[in-house]
Amino acid sequence: MAATDAASTDTPEQKPLEEVETVVVRFCGDSGDGMQLAGTQLTNVSAVFGNDVVTLPDFPAEIRAPAGTLSGVSGFQISFSSADIFTPGDQVDTLVAMNPAALKTNLPDLKRGGTLIVNEDAFEKSNLQKAHYDHNPLDNEDELAGYRVHRVPMTRLTRDAVDELDLSLKIADRCKNFFALGLVFWLYDRDAKPTEEWIQTKFGKNPAIVQANLKALAAGSNYGYSTESFTVHYRVPPAKLAPGRYRKITGNEATAFGLVTAAKLCGKKLFYAGYPITPASDILHELSKLKNFGVRTCQVEDEIAAMTAIVGAAYSGELAVTASSGPGICLKAEAMGLGVMTELPMVIVDVQRGGPSTGLPTKTEQSDLLLAMYGRNGDCPLPIVAARGPADCFKMAQEAFRLATSYMTPVILLTDGYIANGAEPWRIPAIAELNPIEVNHPHANGANGSGESDFLPYARDAKLARPWAIPGTPGLQHRVGGLEKSDGTGNVDYSPTNHEHMVMTRQQKVAGIADDIPEQSVEGPEEGDLLVLSWGGTYGSNRTAVRECLRQGKSVAHAHLQYLNPMPRNLGEVISRYKKVLIPELNTGQLRLLIRSYFLVDAVGYNKVQGKPFLVSELVAKFDEILAK
């Protein structure tokens with residue numbers, strides 16, 4: 001916790017209340033312990049209070065790992081602050097561990113002197129064995145000597161709190177996450193009212209469950225107030241956010257909202273086809289709730305069907321989108337090529353995860369960049385844009401559709417598991433702040449002297465985009481398909497010169513997008529010793545690390561790429577102004593490979609493939625290492 005200079009208050013009726021700037025809390029336990037729910041509610045309450053928040057949910061890879069095992073631990077980390085923050089924090093201030101396995105897997109991330117709250121009722125022989133403990137760590141003073149340990153009998157106290165409701169032990173024990181949440185609410189002076197209202201709405205059809213969760217929540221708060229174990233609690237003041245109306249939003253929610261907004265901006269309906277895959281499935285879930293905005297969703301039998309369905313939807317004049325993760329993008333590749341050949345606008349969202357194959361389905365990675373660039377047969381260029389954080393998905397989803405419709409091409413939008421599941425405050429924009437997306441369809445065409453239509457489906461405008469003709473429009477009959485087209489007429493044409501012309505034209509069309517996107521900006525000195533070049537979900541950690549270096553007077557600058565194909569037209573000139581270039585990536589060096597080949601610069605990579613985002617501390621250490629050479 002980063003302490004401020006504000007004075008503490010100490011009255012006979014209340015324990016001391018200390019003001020701090022930033023707090024990092026992590027809930028961890030079995031996947032059935034409700035840790036994601038507890039973390040989400042702490043996020044909501046903190047957002048309502050006005051704090052800046054960044055979250056990091058951590059799901060088990062197995063759908064239902066055995067209870068009490070190391071592989072079944074689920075966690076949720078949240079950082080909330082009175083200042084601008086861009087990461088969920090490196091080290092944890094308060095760790096809530098619901099069982100031995102959660103303690104064992106998460107204790108290394110708790111800072112020295114941090115607060116450790118454990119459910120001591122879960123530390124019995126069988127759970128200790130499942131966590132591979134040969135002793136009870138709570139009884140070893142040396143093992144936990146570096147932390148402020150609070151052994152709380154959460155299971156027993158939760159049962160006592162709901163005893164009068166005559167619930168089964170199984171149902172009663174499910175409420176202990178609310179007990180833990182209530183205790184954290186007290187510890188950080190959070191107002192429980194938003195969570196109380198959520199409980200009443202969520203479980204309103206079952207009054208007993210409503211009362212049980214409310215009682216458990218209150219019992220946790222009362223325990224913190226009354227027990228002598230906790231001698232102080234803390235307050236994080238509201239952040240100074242830009243004026244406006246805010247809500248908490250995840251990356252997948254923001255992507256869904258951005259896609260719908262794009263459809264509204266151009267007066268079209270949105271069609272989504274997808275197949276469930278972690279961590280992209282929530283985009284389908286969110287869009288399915290928005291039918292009143294003209295959204296049509298279709299869960300199909302496989303990834304190939306999803307991709308071909310949106311090709312058909314785009315041909316019919318709809319705004320078409322699908323979403324998947326790396327394995328699904330592989331399956332979509334052939335039909336993505338069909339979209340390129342037919343030159344139809346559509347968006348493919350790739351929510352990246354650890355690979356290859358099934359890999360790490362619930363963990364983050366950004367290792368699909370080369371797949372997005374080259375993962376199709378033939379010369380098959382596609383524009384690629386990337387979101388930098390959860391709220392940014394709203395803007396980049398619209399940008400993807402703007403480019404798709406302006407240039408008549410499929411566009412790939414890259415996010416990742418960290419962005420998709422993470423949350424942050426989002427200022428809801430006014431309608432006037434949204435950039436319009438213009439879509440023009442050719443109207444009925446007259447016949448030439450021979451009585452045939454003179455419509456040319458592959459005639460091109462200044463952007464090399466062909467017209468988007470709606471099927472059934474009189475006089476606009478034309479062919480589509482996967483065979484090579486003749487420029488202009490769209491007739492099948494196998495001739496060598498035509499094929500080369502069309503391949504080059506499609507490539508030039510995508511390359512020309514560089515004139516229609518912003519130039520690359522830089523934070524920090526405009527020239528100097530080190531340029532940190534990042535992309536995707538590493539934005540927050542790199543930005544924070546660079547700012548830390550700038551505060552120390554080091555010659556470090558940060559450029560974050562959101563347009564990856566084509567890259568900003570001034571990027572080469574930006575890179576040339578720095579002595580060294582470092583590219584941190586959650587892969588083995590994919591952007592580094594592209595930068596070295598495009599700009600012939602000796603860029604250095606810093607790579608991490610652990611299913612976790614970068615820590616600010618490890619980035620700062622790497623920057624110092626590069627600067628020292």
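Residues numbered from 1 in each chain as written. Predicted model: local features only at pLDDT ≥ 70, side-chain atom pairs only at ≥ 80, totals over all residues. Heavy atoms only, no water.

1. A word on the overall build of the chain
Test applied: Here a strand is any run of E in DSSP of at least two residues, a helix any run of H or I of at least four, and the numbering for each starts at the N terminus. For a compact globule the rule gives 2.2 Å times the number of residues to the power 0.38, and the radius of gyration it is set against comes from C-alpha atoms. Relative accessibility thresholds used throughout: buried, under 20% of the residue-type maximum; exposed, over 50%; partly exposed, between the two (1.4 Å probe, protein chains only). We call two residues contacting when some pair of their heavy atoms lies within 4.5 Å. Only the protein chains shown count as cover for residues, with accessible areas throughout obtained via the Shrake-Rupley method and a probe of 1.4 Å.
The secondary structure content of the chain amounts to 20 helices and 22 strands. Radius of gyration (C-alpha) of the chain: 27 Å, near the 25 Å computed for a compact globule of 629 residues. Seen along its three principal axes, the alpha-carbon backbone of the chain occupies a region of about 95 × 60 × 50 Å. Relative to its full complement of 629 residues, the chain shows a buried share of 56%. Residue pairs in contact within the chain that sit at least 24 positions apart in sequence constitute 75% of those at least 6 positions apart. Working note: accessible area of the chain is about 26,400 Å², and carbon and sulfur atoms make up 51% of it.

2. Describing a nonpolar patch on the surface
Going by this rule: Two joining distances apply to patches: 9 Å for like charges and 5 Å for nonpolar side chains (Val, Leu, Ile, Met, Phe, Trp, Tyr), and every residue must have over 30% relative accessible area and no salt bridge. For this analysis, a salt bridge means a side-chain nitrogen from Lys or Arg found within 4 Å of a carboxyl oxygen belonging to Asp or Glu.
On the surface, Leu483, Val492 and Tyr494 cluster together to form a nonpolar patch covering roughly 330 Å² of accessible area. Secondary-structure assignment places Tyr494 in the loop between strand 17 (423-427) and helix 16 (496-511).

3. Description of the pairing of strand 17
Quick reminder of the rule: Should DSSP find at least two bridges between two strands, the strands are regarded as paired.
Within strand 17, four of the five residues are buried, which leaves it mostly tucked inside the rest of the structure. Here strand 10 (residues 246-250) pairs with strand 17 via five bridges, running antiparallel. When the bridges of strand 17 are listed, Thr250 appears paired with Ala423.

4. Quick notes on the sheet that holds strand 13 (residues 319-324)
Counted only if it meets this: To define axes, lines are fitted to C-alpha atoms, for helices over the stretch in contact only, and angles between the resulting N-to-C directions are given on a 0 to 180 degree scale.
Pairing is mixed in the open sheet, where seven strands are placed in the order 12-11-13-14-16-15-20. The open sheet has two edge strands with one neighbour each: strand 12 (295-299) and strand 20 (563-565). Within the sheet, the average angular offset between the axes of one strand and its neighbour, ignoring direction, is 20°. The pairing of strand 15 (residues 384-386) with strand 20 spans two bridges and is antiparallel. Bridge assignment links Val385 to a residue of strand 20, and that residue is Tyr563. Lying on the sheet, helix 14 (residues 392-407) is in contact with strand 11 (270-274), strand 13, strand 14 (346-352), strand 15, strand 16 (410-416) and strand 20; it crosses strand 16 at an angle near 165°.

5. Considering the packing of helix 9 (residues 251-265) against helix 14
When two helices pack together, their arrangement is given by the angle between the helix axes and by the axis-to-axis distance. Stated formally: What sets the label is the angle itself: under 35 degrees gives roughly parallel, over 145 gives roughly antiparallel, 65 to 115 gives roughly perpendicular, and the rest give oblique. Less than a right angle of anticlockwise turn of the near helix away from the far helix marks a crossing as left-handed, whereas a clockwise turn marks it as right-handed. The classification used treats Ala, Val, Leu, Ile, Met, Phe, Trp, Tyr, Cys and Pro as nonpolar, Asp, Glu, Lys and Arg as charged, and all other residues, Gly among them, as polar.
At their nearest, the axes of helix 9 and helix 14 sit 7 Å apart, and the two run at 40° to each other. Classified by the angle between their axes, helix 9 and helix 14 sit oblique to one another. Here helix 9 runs over helix 14; the crossing is right-handed. Of the residues in helix 14, those in contact with Gly251, Ala254, Thr255, Phe257, Gly258, Leu259, Thr261, Ala262 and Leu265 of helix 9 are Cys393, Phe394, Ala397, Gln398 and Phe401. Looking at side-chain class alone, the contact of helix 9 with helix 14 contains nine nonpolar, five polar and no charged residues.

6. What to know about the packing of aromatic side chains
Operational definition: Each Phe, Tyr or Trp ring (for Trp, its six-membered ring) is paired with any other whose centre lies within 6.5 Å, and the angle between the two planes then decides the class: stacked below 30 degrees, edge-to-face above 60, tilted in between. Over a ring means this: the NZ of a Lys or the CZ of an Arg is within 6 Å of the ring centre and within 35 degrees of the ring normal.
Within the structure shown, the criterion is met by 10 aromatic pairs. Ring centres of Phe86 and Tyr539 lie 6.4 Å apart, and the angle between their planes is 85°; on these two criteria the pair is classed as edge-to-face. Within this pair, whereas Phe86 is found in the loop between strand 5 (73-81) and strand 6 (92-97), its partner Tyr539 is found in helix 17 (residues 539-551), the two being separated by 453 residues in sequence. Pairing Tyr598 with Phe599 gives two aromatic rings, centres 6.3 Å apart and planes at 80°, and the pair type is edge-to-face. Given the relative accessible area of 39%, Tyr598 is considered partly exposed. Through successive ring pairs, a cluster of aromatic residues spans Phe80, Tyr188 and Tyr234. The ring of Trp468 has Lys268 lying over it, and the distance from NZ or CZ to the ring centre is 5.1 Å.

7. Digging into the domain arrangement of the chain
This is how the line gets drawn: Domain boundaries shown here were taken from an automatic or database domain assignment. Buried area: the sum, over both parts, of the accessible surface (1.4 Å probe) that disappears when the two are put together.
If you check the domain split of the chain, you get domain 1 (2-235), domain 2 (247-433), domain 3 (442-502 + 509-517) and domain 4 (528-628). Once you take the C-alpha centre of each, domain 2 and domain 3 turn out to be 26 Å apart. Each side of the interface is counted separately: domain 2 has 24 residues, and domain 3 has 25 residues. Surface buried jointly by domain 2 and domain 3 totals about 1,900 Å² across both partners, of which 64% is contributed by carbon and sulfur atoms.

8. As for a negative patch on the surface
This is how the line gets drawn: His is not counted, nor are the chain ends; Lys and Arg add positive charge and Asp and Glu add negative charge. For charged residues, the charge sits on one atom: NZ in Lys, CZ in Arg, CG in Asp, CD in Glu.
Negative charge collects at one region of the surface, where Asp189, Asp191, Glu196 and Glu197 lie side by side. Tracing the backbone shows Asp191 in the loop between helix 6 (176-187) and helix 7 (193-202).

9. Some thoughts on the sheet that holds strand 21 (residues 578-585)
Sheet architecture is open: four strands sit in the order 19-18-21-22, paired in parallel fashion. Of all strands in the sheet, those bounded by a partner on one side alone are strand 19 (556-561) and strand 22 (604-607). Across this sheet, the average inter-strand angle for adjacent strands is 25°, counted without regard to direction. Strand direction decides the pairing type here: strand 18 (residues 528-535) and strand 19, joined by six bridges, are parallel. Following the sheet pairing, Leu533 is matched in strand 19 by Ala559. Against the sheet, helix 17 engages strand 18, strand 19 and strand 21, with an angle of about 165° to strand 19. Its contacts with the sheet place helix 19 (residues 590-599) against strand 18, strand 19, strand 21 and strand 22, and it is angled at close to 150° to strand 21.

10. What about the pattern of salt bridges?
If the charged atoms of two oppositely charged side chains come close together, the side chains can form a pair. For the coordinates displayed, the defined rule picks out 34 salt bridges. Of the charged contacts, one joins Glu19 and Arg235 as a salt bridge, the two residues approaching to 3.5 Å between their closest N and O atoms. Note that Glu19 is positioned in strand 3 (residues 14-30) and Arg235 in strand 9 (residues 233-235), a separation of 216 residues in sequence. For Glu19, a relative accessible area of 25% gives the class partly exposed.

11. Focus: the environment of Arg156
Mapped onto the elements of the fold, Arg156 is located in helix 4 (residues 154-161). Taking C-alpha positions, Arg156 is 19 Å from Ala38, a pair spaced 118 residues apart along the chain.

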